[in-house]
Each structure stands twice: as structure tokens, then as C-alpha cells.
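Okay, here's what each chain looks like letter by letter:
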Amino acid sequence: MKRLFDLSVSTLGLAASLPLIVGTAIVVKKKIGNPVLFKQTRPGQYGEPFELYKFRTMTNETDEEGNLLPDDERLTKTGQILRKYSLDELPQLINVIKGDISLVGPRPLLMEYNDLYNDDQRRRLDVKPGITGWAQVNGRNAISWEEKFKLDVWYVDNQSFMLDMYILYLTVLKVFKSEGINQEGHATVEKFKGTVVNEH
């Protein structure tokens, strides 16, 4: 039922938002440049890798040694607007149609994080990742990694069709309010380095 819902809604959503997608692509090409799409390998269900699609929000500027500049120096004003209204996420509807991700589920993070999760946090990989999720509507990037993962695992244990509908409803509200886009003190979000366990 969830897959049928994902496929139906994402297909209709892609068709309905096509003018917006084309317009966004033109703006990205003009303001940020090629490639218009940002592709990155992310972990899907059970950690299986797939290619995630997003509109580019950053430049590829590097320092003298060829290393990418910090996010806050590469994130453009156009990119900030795209992130504010989640327009950079629109190409992920293609990922949903392909079956890589769902509309609702834990956000697919970086592959390198897979080895940093503790046993409980790793359970977030037991379900298909999503464009939006329980952590996204309860703080997004404004909460700590540990809090996000607790919310993700809660979703894994409590997922249902009605919960997904509720999360989608809250997502629409969050997008209009532009809440929790950035982590305090960072242009986007600080990288996860593993959960530190305090020993007494």
C-alpha cells in the first residue's frame, strides 16, 4: 500500500510541479551553473547505496590545494532560497518513482555515517528512507544528531499509513514556515562524528 501511494503521489507530483522544476533548473543553471543536478551516493534500506538527486545549491569552489571550500562559502543566495522552500528536494520525486526512497522515512544521510551509528541508531536503516520524516517535522536541522536518530527509530517502531499522512501534512506547514533549515552556527548542518558515550 505504501509503495502504491508513493508511486501515485510522486508521479502526480512530478507532473504537477514540472513547470516549477523546469523554472528552478533554469535559475540554477543561470545563477550557479552546471551541473544543474547534484548527485550523491546515499544509503537506502539496509544501507544499500543509490544515487540521490537534488538541485545544486552550492558552487564547486576549491582552495589552492584543490579542497572544497567550507559550506558557508559555497552556499549561494540562490541556494539559500532553494533550501528555504525545499525546492532543491524536488528531483527526489524521481528517486521515489524509481523505488530508491519513499515519500516518508528517515532521511538518507551520508554513506560514511553507516559505520558511526550505534546499534540502536543503525535501526533507522531498517526501513526505506524518505524525502521527509518524523525528525524533519520535529526540528529538522535545528536539533542534534542524537535527537534526530531517536526520532527516526521511533518512526521505525511506529510507522503506519496514518502517521505518514500526518508527517506529510506537517511537512507542508514546515515548508511554508521555513523552520529548522540550518543548524545554529552552520550554513547547513555539522557532520555526524559518532555518538560520544560518557563513562562514569
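Our structure is the block above this text.
Bear in mind that the values here come from a model prediction, so they are computed numbers and not experimental data.

Colleague: Pulling in residues and values, what's your account of the nonpolar core?
Modeller: Of all hydrophobic cores here, the largest spans 17 residues; its most connected members are Leu103, Ile131, Trp134, Tyr155 and Ile167. Those elements giving two or more residues to this core turn out to be β2 (49–55), α5 (92–98), β3 (102–104), α6 (145–158) and α7 (161–177). For this core, the element with the highest residue contribution is α7, accounting for three residues. In this structure, Ile167 is in contact with Val104, Thr132, Gly133, Trp134, Val137 and Tyr155, ignoring residues within four places of it in sequence.

Colleague: How would you explain the pattern of salt bridges if you had to name every residue and give the values?
Modeller: Per the stated rule, a full pass over the model turns up 11 salt bridges. The closest approach of N and O atoms between Asp88 and Lys54, which form a salt bridge, is 3.5 Å. Of this pair, Asp88 sits in the loop between α4 (77–84) and α5 while Lys54 sits in strand β2; the two residues are 34 residues apart in sequence, bridging distant segments of the chain. Residue Asp88 shares its accessibility class with Lys54, and that shared class is buried.

Colleague: Requested: an account of the packing of helix α1 (residues 2–16) against helix α2 (residues 18–31), with residues and values cited.
Modeller: Relative to each other, α1 and α2 sit at 60°, their axes nearing to 4 Å. As judged from the angle between their axes, α1 and α2 are oblique. Contact with α1, carried on its side by Leu14, Ala15 and Ala16, involves Leu18, Pro19 and Ile21 of α2 and no other residues of that element. Its residues placed into classes, the contact of α1 with α2 shows six nonpolar, no polar and no charged.

Colleague: An account of the packing of aromatic side chains is requested, with residue identities and associated values reported.
Modeller: Throughout the structure, instances matching the rule amount to 10 aromatic pairs. Taken together, a centroid distance of 6.3 Å and an interplanar angle of 45° make the contact between Trp134 and Tyr166 tilted. In this pair, Trp134 is assigned in the loop between β4 (130–132) and α6 and Tyr166 in helix α7, connecting sequence segments 32 residues apart. Here Trp134 falls in the buried class, since its relative accessible area comes to 15%. Feature note: the residues Tyr113, Tyr117, Trp145, Phe149 and Phe192 constitute an aromatic cluster, connected by ring pairs. Across from the ring centre of Trp145, 4.1 Å away, lies the NZ or CZ of Lys148, which sits over that ring.

Colleague: Quick rundown of α7? Include the residues and the values.
Modeller: Look at α7: 25 Å from first C-alpha to last across 17 residues, which is about the 24 Å you get at 1.5 Å a residue. Within α7, burial applies to Leu163, Asp164, Ile167, Leu170 and Thr171. Looking straight down α7, one finds that the buried residues subtend no more than 130° of arc, so they occupy a single side. Within α7, the exposed residues directed more than 90 degrees away from the buried face are Met162, Tyr169 and Phe176.

Colleague: Summarise the packing of α6 against α7; cite the residues concerned and give the values.
Modeller: Between α6 and α7, the shortest axis-to-axis distance is 10 Å and the interhelical angle comes to 140°. Contacts from Trp154, Tyr155 and Asn158 of α6 reach α7 at Leu163, Asp164 and Ile167. The class makeup of the residues in the contact of α6 with α7 is four nonpolar, one polar and one charged.

Colleague: Tell me what's going on with a nonpolar patch on the surface, and back it up with residues and numbers.
Modeller: Taken together, Met1, Phe161 and Met162 make up a surface patch of nonpolar side chains, about 370 Å² in accessible area. Of note, Phe161 is situated in helix α7.

Colleague: Go over the environment of Val175, please, and point to the residues and values.
Modeller: For Val175, the position within the fold is in helix α7. When residues no more than four places from it in sequence are discounted, the contact partners of Val175 are Lys84, Tyr85 and Ser86.

Thresholds, definitions, all that
- Residues numbered from 1 in each chain as written.
- Predicted model: local features only at pLDDT ≥ 70, side-chain atom pairs only at ≥ 80, totals over all residues.
- Heavy atoms only, no water.
- Core = buried A, V, L, I, M, F, W, Y, C linked by side-chain atoms within 4.5 Å.
- Buried < 20%, exposed > 50% of the residue type's maximum accessible area, 1.4 Å probe, protein only.
- Helix = DSSP H or I, 4+ residues; strand = E, 2+ residues; numbered from the N terminus.
- Contact = heavy atoms within 4.5 Å.
- Salt bridge = Lys/Arg side-chain N within 4 Å of Asp/Glu carboxyl O.
- Axes fitted to C-alpha atoms, helices over the stretch in contact; angles between N-to-C directions.
- Parallel < 35°, antiparallel > 145°, perpendicular 65-115°, else oblique.
- Nonpolar A, V, L, I, M, F, W, Y, C, P; charged D, E, K, R; others polar.
- Phe/Tyr/Trp six-rings, centres within 6.5 Å; stacked < 30°, edge-to-face > 60°.
- Lys NZ or Arg CZ within 6 Å of the ring centre and 35° of its normal.
- Expected span 1.5 Å × (residues − 1).
- Arc of directions from axis to C-beta.
- Patch = residues over 30% accessible without salt bridge, like charges linked within 9 Å, V, L, I, M, F, W, Y side chains within 5 Å.
- Areas by Shrake-Rupley, 256 points an atom, 1.4 Å probe, with all protein chains shown as cover.

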